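# Close look at the chain arrangement
The primary structure of each chain is shown beneath.
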Protein chains: 4
Amino acid sequence: MGKVQVGEAKGKLGILTVGVGAVATTFMAGTLLTRKGQGVPVGSITQLATMRLGKREENRFPKIKDAVPLADLNDVVFGGWDIFEEDAYEAAKHADVLTRDDLDKVKDEMAAIKPMRAVFDQDFVKRLHGTWVKSAPTKWELMEQVKQDIENFKKENNCDRIVVIWCGSTEVFTPLGEVHKTLAALEKGLKENHKDIAPSNVYAYAAVSMGIPYINGAPNLTVDIPAMWELAAKTQTPICGKDFKTGQTMLKTVLSPMFKTRMLGLNGWFSTNILGNRDGEVLDDPGSFKTKEESKLSVIDNILQPELYPELYGNVYHKVRINYYPPRNDDKEGWDNIDLFGWLGYKMQMKVDFLCKDSILAAPLCLDLVLFTDLAKRAGMSGIQDWLSFYFKSPMHEPSKVAEHDLFIQYVKLKNTLRQMIGEETVDFID
Amino acid sequence: MGKVQVGEAKGKLGILTVGVGAVATTFMAGTLLTRKGQGVPVGSITQLATMRLGKREENRFPKIKDAVPLADLNDVVFGGWDIFEEDAYEAAKHADVLTRDDLDKVKDEMAAIKPMRAVFDQDFVKRLHGTWVKSAPTKWELMEQVKQDIENFKKENNCDRIVVIWCGSTEVFTPLGEVHKTLAALEKGLKENHKDIAPSNVYAYAAVSMGIPYINGAPNLTVDIPAMWELAAKTQTPICGKDFKTGQTMLKTVLSPMFKTRMLGLNGWFSTNILGNRDGEVLDDPGSFKTKEESKLSVIDNILQPELYPELYGNVYHKVRINYYPPRNDDKEGWDNIDLFGWLGYKMQMKVDFLCKDSILAAPLCLDLVLFTDLAKRAGMSGIQDWLSFYFKSPMHEPSKVAEHDLFIQYVKLKNTLRQMIGEETVDFID
Amino acid sequence: MGKVQVGEAKGKLGILTVGVGAVATTFMAGTLLTRKGQGVPVGSITQLATMRLGKREENRFPKIKDAVPLADLNDVVFGGWDIFEEDAYEAAKHADVLTRDDLDKVKDEMAAIKPMRAVFDQDFVKRLHGTWVKSAPTKWELMEQVKQDIENFKKENNCDRIVVIWCGSTEVFTPLGEVHKTLAALEKGLKENHKDIAPSNVYAYAAVSMGIPYINGAPNLTVDIPAMWELAAKTQTPICGKDFKTGQTMLKTVLSPMFKTRMLGLNGWFSTNILGNRDGEVLDDPGSFKTKEESKLSVIDNILQPELYPELYGNVYHKVRINYYPPRNDDKEGWDNIDLFGWLGYKMQMKVDFLCKDSILAAPLCLDLVLFTDLAKRAGMSGIQDWLSFYFKSPMHEPSKVAEHDLFIQYVKLKNTLRQMIGEETVDFID
Amino acid sequence: MGKVQVGEAKGKLGILTVGVGAVATTFMAGTLLTRKGQGVPVGSITQLATMRLGKREENRFPKIKDAVPLADLNDVVFGGWDIFEEDAYEAAKHADVLTRDDLDKVKDEMAAIKPMRAVFDQDFVKRLHGTWVKSAPTKWELMEQVKQDIENFKKENNCDRIVVIWCGSTEVFTPLGEVHKTLAALEKGLKENHKDIAPSNVYAYAAVSMGIPYINGAPNLTVDIPAMWELAAKTQTPICGKDFKTGQTMLKTVLSPMFKTRMLGLNGWFSTNILGNRDGEVLDDPGSFKTKEESKLSVIDNILQPELYPELYGNVYHKVRINYYPPRNDDKEGWDNIDLFGWLGYKMQMKVDFLCKDSILAAPLCLDLVLFTDLAKRAGMSGIQDWLSFYFKSPMHEPSKVAEHDLFIQYVKLKNTLRQMIGEETVDFID
């Protein structure tokens with residue numbers, strides 16, 4: 001890929017979140033505070049990071065947002081769907097992530113965001129009980145309703161472009177089935193209420209069929225199925241996922257490369273998490289946890305390449321646990337124990353305790369992903385956006401390639417892709 | 001730099017360690033065990049790592065040692081200097097890093113390594129009291145003795161080439177003075193016993209004046225002074241340092257880039273260490289600790305670029321402590337507490353407890369550095385080897401450039417340099 | 001209870017362990033090493049602790065073993081049952097707790113300890129597969145075989161007295177049923193192979209019916225059922241249990257009293273464990289874990305008395321996890337996170353990481369319990385020995401009383417009981 | 001001591017704090033909130049704890065405050081001295097311990113507390129610079145001013161009784177000198193401005209000479225000198241100290257007894273603290289730290305009795321560090337690493353990370369100590385109150401006795417003393 005023609009970011013950009021809970025409201029409130037000059041969007045590459053252009057000695061380090069034609073925060077409009085009727089202000093208070101002081105500064109804007117009725121199916125999220133939901137005889141008709149929601153939102157808010165981002169709970173694990181393998185099968189399944197079509201599939205189909213980028217923040221397959229690749233190709237739409245890489249997994253994709261570059265061996269890696277928000281409650285259900293576990297476990301193997309280094313990584317015992325623990329609410333804590341070995345096999349240990357905040361870490365990722373997929377759309381880049389792997393626990397990738405999990409390689413890839421897009425040279429650190 | 005003509009690694013390579021203590025004996029014993037097939041040199045890039053050549057789809061991943069003409073382990077011979085007379089086997093038992101079982105497998109080879117008398121000066125290492133030391137009226141004459149030692153060793157062991165590596169204790173902090181600024185001043189100082197010329201300067205001058213590569217594993221300035229750059233240029237000799245990057249600092253150069261790439265802010269970073277070996281004892285002296293502290297503190301600032309990101313890194317309170325704690329001996333423990341902040345400034349914390357082994361982590365670095373500087377010498381690369389920054393806490397660099405501390409950038413640079421050396425394309429991760 | 005007449009500890013004391021695995025062999029080897037003067041029985045109250053007699057100013061602090069007529073280590077003889085045939089030396093090597101160096105010093109004595117065939121029932125320990133087991137048509141006849149084993153052992157080793165101690169795995173959780181409620185029902189059940197009678201019941205019945213003290217180191221009910229209380233009363237036999245209090249629970253019974261005496265409130269307590277020995281493997285089975293969990297959970301509530309302090313302890317979220325993690329073998333690690341609150345409800349946290357060794361902590365408890373129950377037997381103290389609560393996670397107690405979990409109250413009780421036994425005044429710390 | 005005649009708690013009790021900073025204002029605000037029913041005084045024994053009276057089966061567990069004639073919170077009045085003029089409301093905001101929400105509920109009462117000018121001497125607190133200080137030619141005259149302050153306060157607030165409590169910073173270490181050894185020498189020294197008489201001595205002399213109880217919350221000697229014992233005896237005044245036992249030391253006096261009762265050995269104990277409040281700033285000065293260090297180090301030895309258990313505790317390497325670390329403000333963090341050993345000397349480790357809040361832990365201690373010393377005064381108990389050792393890092397004790405550091409023994413002693421005071425039997429846990 002060389003320099004590309006990127007369409008201008010003119011007019012309003014509508015951002016529709018599936019789920020108006022802790023993550024979505026933190027994302028919305030923070031974005032609104034930022035554009036009022038009352039908050040700093042810490043964690044956001046699009047808003048804060050710089051990028052080296054040219055040789056080191058040229059000393060050109062513009063902010064990414066000044067070098068690349070991203071949508072302006074003043075042009076974004078928020079909407080979303082949720083299974084509860086409360087508006088974004090109430091939902092944010094309930095989520096208890098941001099202080100009342102911070103929330104009240106954008107109270108009016110937040111209160112004006114009224115969620116649309118959600119597509120909900122108890123079979124896919126056992127621990128939640130929605131009250132603000134759509135009904136229709138078939139999943140296809142539910143999908144039609146979602147499309148109508150989007151149309152209405154676009155018109156009412158006078159939007160030029162829309163992006164849809166999944167900020168909802170993890171759905172029950174569903175293996176790839178025949179119904180997911182072709183667009184025809186998926187469409188048939190929607191019409192016949194196939195049991196393996198999750199609510200997330202309904203939203204995604206609606207968006208992508210309209211040419212609207214879809215971002216998947218949870219480990220559900222959703223757009224990571226051949227049927228959706230087909231649809232994305234057909235409608236020339238960017239898609240990406242899966243599962244925001246925030247706390248413990250972000251750390252793993254940094255520590256694993258450390259051990260690997262230093263050729264230090266591993267015997268075991270034990271990870272446990274405690275969290276008390278809705279996400280924790282949902283993951284207390286074994287079905288939902290299985291989806292998450294798959295997403296979390298593959299990371300290490302992919303980075304360590306045990307097939308290449310059997311002496312070092314051929315026998316890593318890797319275990320991941322998530323524990324619902326209400327005293328903490330959104331204040332997640334991840335504890336990792338790593339059993340490593342060095343020179344001649346001598347044993348060492350590392351323990352990491354990360355006292356983080358789930359939604360605080362996820363919010364800037366939402367912002368970046370929305371702005372970057374909107375950019376991709378305008379740049380004519382459709383299908384799987386693997387240059388956005390940086391943001392995901394289980395990055396989607398072309399079937400012919402393997403996923404890249406190493407956070408630093410992902411970051412180089414992201415920036416070099418941006419450099420290429422604007423016709424600058426890529427960087428290889430040789431000097 | 002394009003492909004270069006690299007001289008063949010024929011004949012014996014003599015490795016002379018300054019200091020035959022915990023690090024050096026662990027390095028020696030492990031290398032000997034490895035070449036007998038009785039140990040795996042975990043942690044060594046030269047022995048274990050692979051390197052991608054060409055595009056990803058070419059699927060070429062040779063071991064570095066098969067792609068690059070490094071010296072063979074069967075061709076290395078060990079020697080060294082120490083302030084105690086005991087042979088390397090006794091010294092290794094005393095250091096108590098390796099098990100008796102492991103040591104006894106190479107007992108004869110280790111016992112045959114008798115240290116040469118050391119250049120010692122109580123003013124530079126307050127907590128140790130050497131008994132096996134050289135004496136001479138001037139530092140210049142001490143230097144001449146070291147040159148003679150090297151000549152003798154080379155002849156006795158029939159060596160083709162020599163590398164000298166500092167594995168000794170940290171010397172007292174000495175700021176850059178006039179005597180270090182030109183070769184002429186240094187030579188004059190050696191002859192006039194200038195008080196600011198440390199023992200390490202004596203070894204380094206001897207080696208480099210003979211065209212022998214010198215590697216500095218401690219934070220002492222030694223070869224990181226203009227006088228030595230001048231000498232290295234004159235004799236066409238590779239030099240590198242400073243201070244092996246092993247436990248806590250290695251971790252910092254991985255976690256800092258994580259925060260940085262993710263644009264997460266920092267308020268403070270508190271690091272404490274407990275260790276009970278000779279190194280711990282030496283660092284209990286405030287003068288020696290100051291040298292180390294300088295080496296440890298600069299890392300974070302360099303990576304975070306507070307001048308570019310004042311909102312995120314403009315006010316990081318960074319504190320490093322080292323505590324001599326005999327119950328642990330060589331089993332070092334580093335505890336880090338990091339105060340970070342995310343979206344809108346919300347606070348989070350990370351704590352890392354690294355139960356490591358000092359010499360186990362340092363030994364493979366010694367091996368790699370010796371083999372890579374020997375390679376550099378044969379490739380005609382003289383002066384500061386900044387492509388070896390990967391291995392050092394305070395990487396030496398051209399005065400016109402800044403140091404690169406990010407472990408992953410360092411690693412890309414190292415591998416891309418090797419690729420260039422053998423005429424392969426560099427890698428930029430774009431695909 | 002005042003001063004009592006204690007029978008003399010003359011002749012040999014036979015110690016029979018049910019299970020000759022990690023705990024039992026560590027206990028045996030350590031006891032043998034101690035009496036050879038080649039090891040210190042660290043952790044053993046009977047061997048090392050002193051006891052104040054009289055007022056503080058009298059300055060009388062004899063060792064407990066000098067003040068109380070305990071059996072001498074030179075008079076103990078070891079035997080046991082196991083589901084594998086290997087002798088105690090082989091079993092100890094397999095368990096990999098003690099170094100070869102230590103084991104080899106008592107190789108002959110250990111190798112001479114050949115386990116007798118075990119009573120085994122796959123239904124009660126799902127993850128193990130015994131090969132060295134008894135067979136008989138009924139549990140009653142198995143019990144008769146155990147009695148015969150004991151008789152034979154006593155005769156062959158010329159023992160004066162015997163104590164039986166359970167050092168085996170945790171059995172599957174079995175709730176208290178009718179068959180456990182009266183001696184008559186239990187005996188009938190043994191004869192009719194009632195499915196709720198576990199192997200441990202068979203051993204216990206055999207021992208107690210012979211007047212032999214039985215100590216229960218696992219959470220299985222075993223002697224904590226009315227039928228066995230009845231039998232113990234009838235045969236005048238001391239019994240005690242349940243579940244050795246070693247790592248994490250020991251800590252809990254110390255930290256909980258700290259919070260309680262300081263009136264600091266608790267919101268939550270999350271405990272996780274990683275261990276890789278046979279015990280860890282057994283506890284990976286949900287049935288066995290349930291038995292353990294019950295034993296571990298009750299501790300906190302009992303100490304904190306939420307009914308008395310609803311504001312402080314009325315809503316403690318307590319979760320305990322055990323994870324089988326092979327890289328660690330017997331080196332257990334317990335990580336605790338405690339969410340506490342102080343003055344006006346302000347929140348604080350405490351985290352404890354205990355890198356312990358399961359069998360090393362359990363072995364001295366075995367020794368003390370054997371010697372103390374033998375003492376109790378000679379002192380005519382039969383039935384539940386609640387003064388030994390100090391050693392157990394779920395201390396047995398009279399049905400009319402509550403268990404005492406506070407480690408320090410337990411310890412005062414133990415020592416004051418000993419004081420009383422020898423006619424000394426109890427201590428109340430008033431001066 | 002048997003039952004005593006305790007004077008009634010009639011009229012107002014004036015509480016004067018030396019220092020109106022983080023600890024004092026948190027204490028004041030919390031007490032005021034409690035009596036308004038707007039806060040729970042968590043951590044306070046006098047307000048929340050119950051006490052068993054009689055045998056366990058009698059089931060009598062009254063609250064201590066109902067069984068013992070303590071002053072009522074409605075009868076307390078606050079005042080104090082500080083080196084800054086700001087009122088208690090401003091000082092509390094500045095200290096940033098309590099939320100604005102909490103503070104504003106008692107804004108008027110807090111704002112009405114105007115500190116009196118302090119006795120200040122730069123030599124004793126190097127890092128602070130007072131602006132609201134007394135001046136006089138001699139320390140004796142400063143003392144007279146303090147007495148006058150107390151008289152005025154008592155009259156203005158119509159108090160029946162007064163207690164003075166030191167809540168100020170740690171003073172520079174001053175060894176016991178001749179001037180501290182007799183009352184006569186002290187008085188002479190006050191008049192002659194002896195350099196070893198600290199400001200705290202001036203306050204203490206003033207109070208005790210008036211028969212007013214004095215509580216020492218810092219490690220300064222103050223009332224722990226023979227001169228003050230003499231004065232306390234002469235004026236029949238209770239005195240107590242030294243140094244509130246809050247975070248890490250509280251934990252030590254719980255963990256040490258755990259190791260000790262279990263006869264587990266220790267090789268080393270490393271403790272480090274990070275804190276960022278004024279206390280942390282003061283302790284960054286080596287002189288002040290020395291005072292604190294002495295207070296912190298003795299604890300372990302006293303509990304472990306190495307002279308009785310040389311094999312277990314004869315060689316414990318104990319190190320304590322305090323680090324000023326501004327990012328944390330009042331949120332102190334203590335990290336402990338303990339190297340222990342068990343059966344046969346096998347090594348284990350324990351790490352404790354306590355994320356606590358300095359003033360939140362200290363405030364309830366202030367309340368309890370004030371109420372208990374006022375009780376002691378009315379009960380005619382003068383001199384050193386060693387039954388209050390529970391609250392102090394370095395408990396004062398009669399010269400003929402040793403200090404008791406074990407938190408649980410201290411607690412039994414406290415409660416048994418209260419039981420005696422009201423004519424109830426003491427408890428020995430035998431049944």
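All residue numbers refer to position in the chain's written sequence, counted from 1. Chain A is the first chain written and ligand 1 is the first ligand written, with later ones labelled in order. With pLDDT at 70 or above as the cut-off, local features in this predicted model cover only qualifying residues; side-chain atom pairs require 80 or more to be listed or tallied, and sums for whole chains, interfaces and linings still use all residues. Hydrogens and waters are ignored; side-chain quantities use all the structure's heavy atoms.

### Observations concerning the interface of chain D and chain B
In what follows, residue pairs with any heavy atoms lying within 4.5 Å of each other are defined as contacts. Contacts between the two partners involve 25 residues from chain D and, on the opposite side, 25 residues from chain B. Carbon and sulfur atoms supply 55% of the area buried between chain D and chain B, which totals about 1900 Å² over both sides. Throughout this description, the term salt bridge denotes a Lys or Arg side-chain nitrogen within 4 Å of a carboxyl oxygen of Asp or Glu. Applying the counting rule to chain D against chain B returns four salt bridges. E333(D) serves as the salt-bridge partner of K351(B), at 2.7 Å between the closest nitrogen and oxygen. Listing elements by their share of the side of chain D that touches chain B, those giving two or more residues are β7 (265-275), β8 (317-324), β9 (333-341) and β10 (347-355) of chain D. A simple way to read buried area is as the amount of 1.4 Å-probe accessible surface that goes missing from two parts once joined, with both sides added. Runs of H or I in DSSP of at least four residues are treated as helices and runs of E of at least two as strands, each being numbered from the N terminus.

### Details of the state of the cysteines
Residues and elements named next belong to chain B. Any two cysteine sulfur atoms within 2.5 Å of one another count as a disulfide. Overall, the coordinates contain zero disulfides over all chains when judged by the stated rule. Distance from the sulfur of C366, which forms no disulfide, to the nearest cysteine sulfur (C167) is 4.0 Å. Burial status follows relative accessibility: with a 1.4 Å probe on protein chains alone, a residue under 20% of its type maximum counts as buried, one over 50% as exposed, and anything between as partly exposed. Among the residues examined, C366 registers a relative accessible area of 0% and is labelled buried.

### Let's talk about the pattern of salt bridges
Following the criterion strictly, the structure yields 82 salt bridges over all chains and no others. The closest approach of N and O atoms between E333(C) and R328(C), which form a salt bridge, is 2.6 Å. For the pair E333(C) and R328(C), a shared accessibility class is recorded, and that class is buried. A salt bridge links D331(D) to K357(D); the nearest nitrogen and oxygen atoms lie 3.1 Å apart. Residue D331(D) is found in the loop between β8 and β9, and its partner K357(D) is found in the loop between β10 and α15 (358-378); the two are separated by 26 residues along the sequence. Given the relative accessible area of 17%, K357(D) is considered buried. Each of K10(A), D160(A), R161(A), D374(A) and R378(A) takes part in a single network of salt bridges with overlapping partners.

### Considering the relation of the copies chain D and chain B
In screw terms, the move from chain D to chain B is a rotation of 180° and a rise of 0.0 Å along the axis, fitting with an RMSD of 0.0 Å. Overall, the copies show the geometry of a two-fold rotation axis. A share of 100% of interface residues in chain D that are also interface residues in chain B marks the association as one of identical surfaces. The copies are overlaid by a least-squares fit using only the C-alpha atoms of residues whose pLDDT is at least 70 in both copies.

### With respect to the relation of the copies chain B and chain A
In screw terms, the move from chain B to chain A is a rotation of 180° and a rise of 0.0 Å along the axis, fitting with an RMSD of 0.0 Å. With an isologous cut-off of 70% or more, the 100% of interface residues of chain B that recur at the interface of chain A puts this contact in the isologous class.

### Here's the deal with the domain arrangement of chain A
The extent of an interface is frequently quoted as the accessible surface area lost upon association of the parts. All names here are of chain A. You can read the domains of chain A as domain 1 (13-244 + 360-422) and domain 2 (248-356). Each of domain 1 and domain 2 was reduced to a C-alpha centroid, and the two centroids are 26 Å apart. At the junction of the two partners, domain 1 supplies 29 residues and domain 2 supplies 29 residues. Summed over both partners, the interface of domain 1 with domain 2 buries about 2300 Å², with 59% contributed by carbon and sulfur atoms. Across the contact surface, domain 1 and domain 2 share zero salt bridges. Whenever two N or O atoms come within 3.5 Å, that pair is a polar contact, provided that in protein one can donate a hydrogen and the other can accept it, and provided that, for residues adjacent in sequence, both atoms are side-chain atoms. Our enumeration of links across domain 1 and domain 2 arrives at three residue pairs in polar contact (both at pLDDT 80 or more). As a working rule, the residues Ala, Val, Leu, Ile, Met, Phe, Trp, Tyr, Cys and Pro are called nonpolar, Asp, Glu, Lys and Arg charged, and the rest polar, with Gly in that last group. When the residues that make up the side of domain 1 that touches domain 2 are grouped by side-chain class, the tally is 15 nonpolar, five polar and nine charged. For the purposes of this description, domain bounds are those given by an automatic or database domain assignment.

### A look at the sheet that holds strand β9 (residues 333-341) of chain B
We treat two strands as partners when DSSP finds at least two bridges between them. The eight strands are arranged β8(A)-β7(A)-β9(A)-β10(A)-β10(B)-β9(B)-β7(B)-β8(B) in an open sheet whose pairing can be described as mixed. Every interior strand has two partners, whereas the edge strands, β8 (317-324) of chain A together with β8 (317-324) of chain B, have only one. When the angles between neighbouring strand axes are averaged without regard to direction, this sheet yields 10°. Here strand β7 (residues 265-275) of chain B pairs with β8(B) via eight bridges, running parallel. Each bridged residue has a counterpart across the sheet, and for G268(B) the counterpart in β8(B) is Y317(B). Where helices are involved, their axes are fitted lines through C-alpha atoms of the stretch in contact, as for all axes, and angles between N-to-C directions lie from 0 to 180°. Packing of helix α11 (residues 248-261) of chain B onto the sheet brings it into contact with β10 (347-355) of chain A together with β7, β8, β9 and β10 (347-355) of chain B, and relative to β7(B) it is tilted by some 165°.

### Considering the arrangement of the chains
A gap remains between chain B and chain C, which never touch, and the nearest two C-alpha atoms on either side lie 11 Å apart. You won't find any contact between chain A and chain D; their C-alpha atoms come no closer than 10 Å.

### Considerations on the interface of chain B and chain A
Facing 80 residues of chain B, the contacting portion of chain A comprises 80 residues. Roughly 6900 Å² of surface becomes buried between chain B and chain A when both sides are summed, with 70% attributable to carbon and sulfur atoms. The three residues of chain B that bury the most area against chain A are R262(B), W343(B) and Y346(B), which together make up 15% of that side's buried surface. Where chain B touches chain A, the interface holds zero salt bridges. Our enumeration of links across chain B and chain A arrives at 22 residue pairs in polar contact (both at pLDDT 80 or more). Its residues assigned to classes, the side of chain B that touches chain A comprises 50 nonpolar, 17 polar and 13 charged. Note: β10(A) against β10(B), seven bridges, orientation antiparallel. Note on β10(B): the bridge partner recorded for D353(A) is K351(B).

### Some thoughts on the sheet that holds strand β4 (residues 159-166) of chain C
All names here are of chain C. Taking strand neighbours across the sheet as the criterion, the seven strands line up as β3-β2-β1-β4-β5-β6-β11 in an open arrangement whose pairing is parallel. Where the open sheet ends on each side, the last strands, each with one partner, are β3 (116-117) and β11 (383-384). Pairing analysis gives six bridges linking strand β1 (residues 12-18) to strand β2 (residues 76-82), with the strands arranged parallel. For L13, the partnering residue across the bridge sits in β2 and is V76. Its contacts with the sheet put helix α15 (residues 358-378) on β1, β4, β5 (214-216) and β6 (238-240), and the angle it makes with β4 is roughly 130°.

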